[in-house]
Amino acid sequence: MSELARELLIPNWPAPAGVRACVTTRAGGVSLPPYESFNLGDHVGDAPDAVAENRRRLTAEFGIQPAWLKQVHGVVVADADPGVIAEADASWTATPGIACTVMTADCLPLLFCNRDGTRVAAAHAGWRGLANGVIEATLDRLALPPEDVLVWLGPAIGPQAFEVGLEVRDAFTTVHPETAQAFVPGASTDKLMADIYMLARLRLAARGVTAVYGGGYCTVSDQRFYSYRRTPQGGRFASLIWLAPR
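Here the residue numbering is sequential within each chain, running from 1 through the sequence in written order. This being a predicted model, a pLDDT of at least 70 is required before a residue's local features are given, and a value of 80 or more before pairs of side-chain atoms are given or counted; all residues contribute to the totals for chains, interfaces and linings. Side-chain metrics in this entry use all non-hydrogen atoms of the structure; hydrogen atoms and water are not considered.

1. Remarks on the layout of surface pockets
Going by this rule: Space inside and on the surface of the protein is sampled on a 1 Å grid over the protein atoms alone, with a cavity defined as a set of points where a 1.4 Å probe fits but cannot get out and a pocket as an open set with protein on both sides within 12 Å along at least 5 of 7 lines; lining residues have an atom within 4 Å of a point. Grid points are joined across faces, edges and corners, and a volume is the space filled by probe spheres set on the points. Each helix is a run of H or I in the DSSP string that is no shorter than four residues. Each strand is a run of E no shorter than two, and both are numbered from the N terminus. Note that Gly is not counted as nonpolar here; it falls among the polar residues with everything else outside the nonpolar set of Ala, Val, Leu, Ile, Met, Phe, Trp, Tyr, Cys and Pro and the charged set of Asp, Glu, Lys and Arg.
Considered as a void within the structure, the largest pocket measures approximately 610 Å³ in volume. Taken together, 24 residues form the lining of the largest pocket, with His73, Ala105, Cys107, His124 and Arg236 sitting closest to its centre. For the lining of the largest pocket, the secondary structure elements donating two or more residues are β3 (69-70), β7 (98-104) and α3 (127-132). Classifying every residue of the lining of the largest pocket gives 11 nonpolar, six polar and seven charged.

2. Some words on the pairing of strand β9 (residues 120-125)
The test is simple: Exposure is judged per residue with a 1.4 Å probe applied to protein chains only, and the accessible area is read against the type maximum: over 50% gives exposed, under 20% gives buried, and values in between give partly exposed. Whether two strands pair comes down to DSSP finding at least two bridges between them.
With six of its six residues buried, β9 lies for the most part within the structure. Both faces of β9 are covered, namely the face carrying Val120, Ala122 and His124 and the face carrying Ala121, Ala123 and Ala125. Taken together, the four bridges between strand β6 (residues 90-93) and β9 define a ladder with antiparallel strand orientation. Paired with alanine 90 across the bridge in β9 is alanine 123. Across six bridges, strand β8 (residues 108-114) lies against β9 in antiparallel orientation. From the neighbouring strand, leucine 108 faces β9, where its bridge partner is alanine 125. Joining the antiparallel neighbours β8 and β9 is a turn of five residues, in which glycine 117 adopts a positive phi near 70°.

3. A look at the packing of helix α4 (residues 134-142) against helix α6 (residues 196-206)
Threshold: Lines fitted to C-alpha atoms define the axes here, with helix axes fitted over just the stretch in contact, and angles between the N-to-C directions of these axes take values from 0 to 180 degrees. For classification purposes, an angle smaller than 35 degrees is called roughly parallel, one larger than 145 roughly antiparallel, one from 65 to 115 roughly perpendicular, and anything else oblique. The hand of a helix crossing depends on one turn: near helix anticlockwise from the far one by less than a right angle means left-handed, and clockwise means right-handed. Residue contacts follow a heavy-atom distance rule, with two residues in contact if any of their heavy atoms lie within 4.5 Å.
At a minimum axis distance of 10 Å, the contact between α4 and α6 shows a crossing angle of 40°. On the basis of their axis angle, the class for α4 and α6 is oblique. Read as a crossing pair, α4 and α6 show a hand that is right-handed. Together, Ile135, Glu136 and Leu139 of α4 and Ala200, Arg203 and Leu204 of α6 make up the contact between the two elements. Within the contact of α4 with α6, the residues separate by chemical class into four nonpolar, no polar and two charged.

4. Thoughts on the sheet that holds strand β14 (residues 212-214)
Reading across the sheet, the six strands line up as β4-β6-β9-β8-β10-β14 and stay open at both edges, with mixed pairing between neighbours. A strand with exactly one partner marks an edge of an open sheet, and here the two such strands are β4 (77-79) and β14. Sheet twist, expressed as the mean angle between neighbouring strand axes with direction ignored, is 20°. Lying on the sheet, α4 is in contact with β4, β6, β8, β9 and β10 (149-153); it crosses β9 at an angle near 165°.

5. Some thoughts on the pattern of salt bridges
Which entries qualify depends on this criterion: Salt bridges are identified by distance alone: a Lys or Arg side-chain nitrogen within 4 Å of an Asp or Glu carboxyl oxygen.
The full count for this structure, using the stated rule, is 10 salt bridges. Linking aspartate 42 and arginine 55 is a salt bridge whose minimum nitrogen-to-oxygen distance equals 3.8 Å. One end of the pair, aspartate 42, is in the loop between β1 (19-23) and α2 (48-62); the other, arginine 55, is in helix α2, and 13 residues separate them in sequence. Arginine 55 sits in the buried class, given a relative accessible area of 13%. A salt bridge links glutamate 53 to arginine 56; its shortest N-O distance comes to 2.8 Å. Taken together, the residues span about one helical turn, with glutamate 53 and arginine 56 both in helix α2 at a distance of three residues. When salt bridges with common partners are traced through the structure, they connect Glu53, Arg56 and Arg57 into a single cluster.

6. Regarding the nonpolar core
Our working definition: What is meant by a nonpolar core is a set of buried Ala, Val, Leu, Ile, Met, Phe, Trp, Tyr and Cys residues, joined one to another through side-chain atoms within 4.5 Å.
Residues Leu108, Leu110, Phe112, Val151, Phe183 and Leu204 are the most contacted members of the largest nonpolar core, which totals 37 residues. Not counting the four nearest positions on each side in its chain, leucine 204 is found in contact with Leu110, Phe112, Ile135, Leu139, Val151, Val209 and Val212. Among the nonpolar cores identified, the runner-up in size contains 27 residues, and Val19, Leu69, Val102 and Val120 belong to it.

7. Here's the deal with unusual backbone geometry
Omega for the bond connecting proline 33 with proline 34 falls within 30 degrees of zero, at 5°, which places this linkage in the cis form. Within the element layout of this structure, proline 34 appears in the loop between β1 and α2. The amide bond that connects glutamate 36 to the next residue, serine 37, takes the cis arrangement and shows omega of -15°. Along the chain, the position of serine 37 falls in the loop between β1 and α2. The backbone phi angle of histidine 73 is positive, close to 60°, even though this residue is not glycine. Structurally, histidine 73 can be placed in the loop between β3 and β4. Under the relative-accessibility criterion, histidine 73 is labelled partly exposed at 37%.

So, in structure tokens, the structure goes:
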């Protein structure tokens, strides 16, 4: 087993047999400090050759074609296409062997599939994307009954570390008042602590999606993962989901 394979996080959820998913960590690559070692982001200042080699290793490990995105904290959902780097924050596919892929370093990665194992999607959700509807946009593109959708929440900044301004709470509660419960007072009167996992679950529940798994990670405290808040000059890890060839 390769170092990369040993270090991967494999989601623990009741996905259909034909659905595959993984989350990379900082280990298993060739990037030098401060990106050590399995940085997959080509926009953070790392050596292009190192990023290319890390991506090659990921592709070879599973024999898949990752569909990389240019993420902009928006709500666009692209058709996953390994030949096109779409400006989007989510993608979906029904084609085996193509991996919907998002990169994060504190934002929340969400992986989606249906119970029949014929459609998958991945979404990148920072607080702006969550507030503006990236989850809902992804569900719309999947076009599935809510009871047919399974979602796994990957590693993200934990509620003990996610300090935000009052405007972040307002961005959610103006449209979804029930999300107020995801915020608690911070260290000062103009700061709050936000639970990004709870925010995602509440938005999913509002659309009738209740088969939600994962959560409970914290990229800031868990040294396996890159964290922008912990180390602003650092790499990005990836969350991928794909359909195995039939």
